[in-house]
Amino acid sequence: MASVAERRLRMYRAIAEAIDQEMERDNTIFVMGEDVGAYGGVFGITRGLYQKYGPEYVRDTPISEAGVIGAAIGAAAVGMRPIVDLQFVDFVGVCFDQIFNQLAKIHYMSGGNVKLPVVITAAIGGGLSFAAHHSQVLYSIFAHVPGLKVVVPSNSYDAKGLMIQSIRDDNPVIYCIHKRLIGVPGMPCPETAITHVPEEPYTIPLGKASIKREGKDVTIVAAALMVHRAIEAAEMLSREGIDAEIIDVRTLVPLDKDTIINSVKKTGRLLIVDEDYKSYGMTGEIAAIVAEEAWEYLDAPIRRLAVPDVPIPFSRPLEDYVIPSAEKIYKTVKEMIK
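Remember, it's a predicted structure, so these values are computed and weren't measured experimentally.

With respect to burial, strand 7 (residues 173-178) is a largely interior element, 6 of its 6 residues being buried. Side chains of strand 7 alternate between two faces, with Val173, Tyr175 and Ile177 and Ile174, Cys176 and His178 buried alike. The pairing of strand 5 (residues 119-124) with strand 7 spans 6 bridges and is classified as parallel. By the bridge assignment for strand 7, Ala122 is matched with Cys176. Read from strand 6 (residues 149-151) through helix 7 (residues 156-168) to strand 7, the crossover connection turns out right-handed.

The next thing to look at is the sheet that holds strand 3 (residues 58-60). Spatial strand order, 3-2-4-5-7-6-12: 7 strands in an open sheet with mixed pairing. One side of each edge strand has no neighbouring strand; the edge strands of this open sheet are strand 3 and strand 12 (251-253). Strand-to-strand twist across the sheet, computed as the mean angle between neighbouring axes with direction ignored, equals 20°. Bridging between strand 2 (residues 29-33) and strand 4 (residues 81-88) involves 5 bridges; their strand directions are parallel. Its bridge partner being in strand 4, Gly33 is matched across the sheet by Asp85. Contacts from helix 1 (residues 11-25) reach strand 2, strand 3, strand 4 and strand 7 within the one sheet, and its direction differs from that of strand 2 by about 135°.

A few words on the sheet that holds strand 10 (residues 218-222). Taken in spatial order, the 5 strands make up an open sheet running 9-11-10-13-14, and their pairing is mixed. The two strands at the open ends of the sheet, each matched to only one other strand, are strand 9 (210-213) and strand 14 (303-307). Geometrically, the sheet is characterised by an average inter-axis angle of 25° between neighbouring strands, direction not taken into account. When strand 13 (residues 270-277) meets strand 14, the two strands line up parallel, connected through 4 bridges. Within strand 14, the position partnered with Tyr277 by the bridge is Val307.

Right, let's get into helix 8 (residues 225-238). Here helix 8 is 14 residues long and its end C-alpha atoms lie 20 Å apart, about the 20 Å a rise of 1.5 Å per residue gives. Listed in full, the buried residues belonging to helix 8 are Leu225, Met226, Val227, His228, Arg229, Ala230, Ala233, Ala234, Met236 and Leu237. Summarising the contacts, the buried residues of helix 8 are in contact with strand 7, strand 9, strand 10, strand 11 (244-248), strand 13 and helix 12 (326-336).

Glancing now at the packing of aromatic side chains. Both the distance between ring centres and the angle between the ring planes are used here to describe each pair of aromatic rings. Taken as a whole and assessed by the stated rule, the structure comprises 6 aromatic pairs. Between Phe96 and Phe100 the ring centres are 4.5 Å apart and the planes differ by 50°, which places this aromatic pair in the tilted class. With a gap of 4 residues between them, Phe96 and Phe100 both fall in helix 4 (residues 96-103), about one helical turn apart. With 4.7 Å between their ring centres and 15° between their planes, Tyr157 and Tyr202 make a pair best called stacked. Of this pair, Tyr157 sits in helix 7 while Tyr202 sits in the loop between strand 8 (195-196) and strand 9, and the two are 45 residues apart along the sequence. Given a relative accessible area of 35%, Tyr157 falls into the partly exposed group. Each member of the aromatic cluster is reached from another via a ring pair, and the members are Phe43, Phe88, Phe91 and Phe130.

On to the pattern of salt bridges. Per the counting criterion, the structure on display carries 21 salt bridges. In the salt-bridge network here, residues are joined through shared partners; they are Arg7, Glu17, Lys160 and Glu199.

This paragraph deals with the side chain of Glu275. Assignment of secondary structure puts Glu275 in strand 13. Among the polar contacts made by the side chain of Glu275, one reaches the main-chain amide nitrogen of Gly126 at a distance of 2.7 Å. At 2.7 Å, the side chain of Glu275 and the side chain of His178 are in polar contact. Filtering out sequence-adjacent residues up to four positions away, Glu275 remains in contact with Gly125, Gly126, Val137, Tyr139, His178, Leu225, Met226, Val307 and Ile323.

A few words on unusual backbone geometry. The amide bond that connects Val253 to the next residue, Pro254, takes the cis arrangement and shows omega of -5°. Following the sequence through the fold, Pro254 ends up in the loop between strand 12 and helix 9 (257-267). Residue Ser129 is not a glycine yet carries a positive backbone phi of 55°. Looking at the secondary structure, you find Ser129 in the loop between strand 5 and helix 6 (139-143). With a phi angle near 60°, Tyr280 is a residue other than glycine that sits in the positive phi range.

In this section: the environment of Tyr50. Turning to its location among the elements, Tyr50 is positioned in helix 2 (residues 49-53). Among the residues examined, Tyr50 registers a relative accessible area of 29% and is labelled partly exposed. Note: C-alpha distance between Tyr50 and Gly40 (10 residues apart in sequence) is 7.4 Å. When near neighbours in sequence (up to four residues on either side) are disregarded, Tyr50 contacts Gly37, Ala38, Pro55 and Val58.

Reading the values: rules and limits
Residues numbered from 1 in each chain as written. Predicted model: local features only at pLDDT ≥ 70, side-chain atom pairs only at ≥ 80, totals over all residues. Heavy atoms only, no water. Buried < 20%, exposed > 50% of the residue type's maximum accessible area, 1.4 Å probe, protein only. Helix = DSSP H or I, 4+ residues; strand = E, 2+ residues; numbered from the N terminus. Pairing = 2+ DSSP bridges. Right-handed = clockwise from strand over helix to strand, strands pointing away. Axes fitted to C-alpha atoms, helices over the stretch in contact; angles between N-to-C directions. Contact = heavy atoms within 4.5 Å. Expected span 1.5 Å × (residues − 1). Phe/Tyr/Trp six-rings, centres within 6.5 Å; stacked < 30°, edge-to-face > 60°. Salt bridge = Lys/Arg side-chain N within 4 Å of Asp/Glu carboxyl O. Polar contact = N/O pair within 3.5 Å; in protein donor to acceptor, adjacent residues only side chain to side chain.

What follows is the structure, given as structure tokens:
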């Protein structure tokens, strides 16, 4: 029998456990969305909940994302704490108004009188040949709109702690889960994403980045799958005497500026790696923050690696070409350190 210290869970199981423990604790929490019931969610994050809590608390819905988000907003306004599974983040287009004009703004426009503690889960990312409608990241769109918090775990331990914290937060949270990290059988997942997860409930504060690897020569900031590719690149660089520090942002909103800036002050170089589109995204925002607040500490120009402004291709070779790889990260850092 495995010891407590060896309890390693895949991300989908860690998230399902987090939701289960919160539902046991608080009877105002319920789950709704397409296929969240007996099927357990298309990515397994509600597995076992329908059997335990029944259809009143785990509600399968019609294929109407705008209707589901609207219902969640109404439920939250009268004291419930809904968790909504949007499935793929790409589906946000059909419920833009509910999220960006209602969910994000009602607390502000009510003078703080109406709280909307809604968690929306959404699968992000490519690498599976799911093509242009099912492979985007898009979290920068949510981060651009005041009133929404944006959470992006990169491993099972963070996934559980960040989910519990998101459920307990009185603000709306967009909880982004990378399909290549979630660990559902049949989907490839790096071993580094499958981490120890304590059985007891715990929280990770939103707005606190994690230093995955300490280094002194260059800072690499990333999220989700790109964290693991940055770690892989850092191992390649270490064999050549280059010491890279890896920062996992964990949440885009709130963003832990201090950890990033303090790292850049130490290393003097910054590379931001993102699987979202390059223009107007996370890479540009973090680059601007460092340029404004730590310019004098830089020994080289800030560099960015992200998806070029094209739809994600269905073709696996083309998809692999547009998504940043460990090799591209390695080559970019080598160009920065000459």
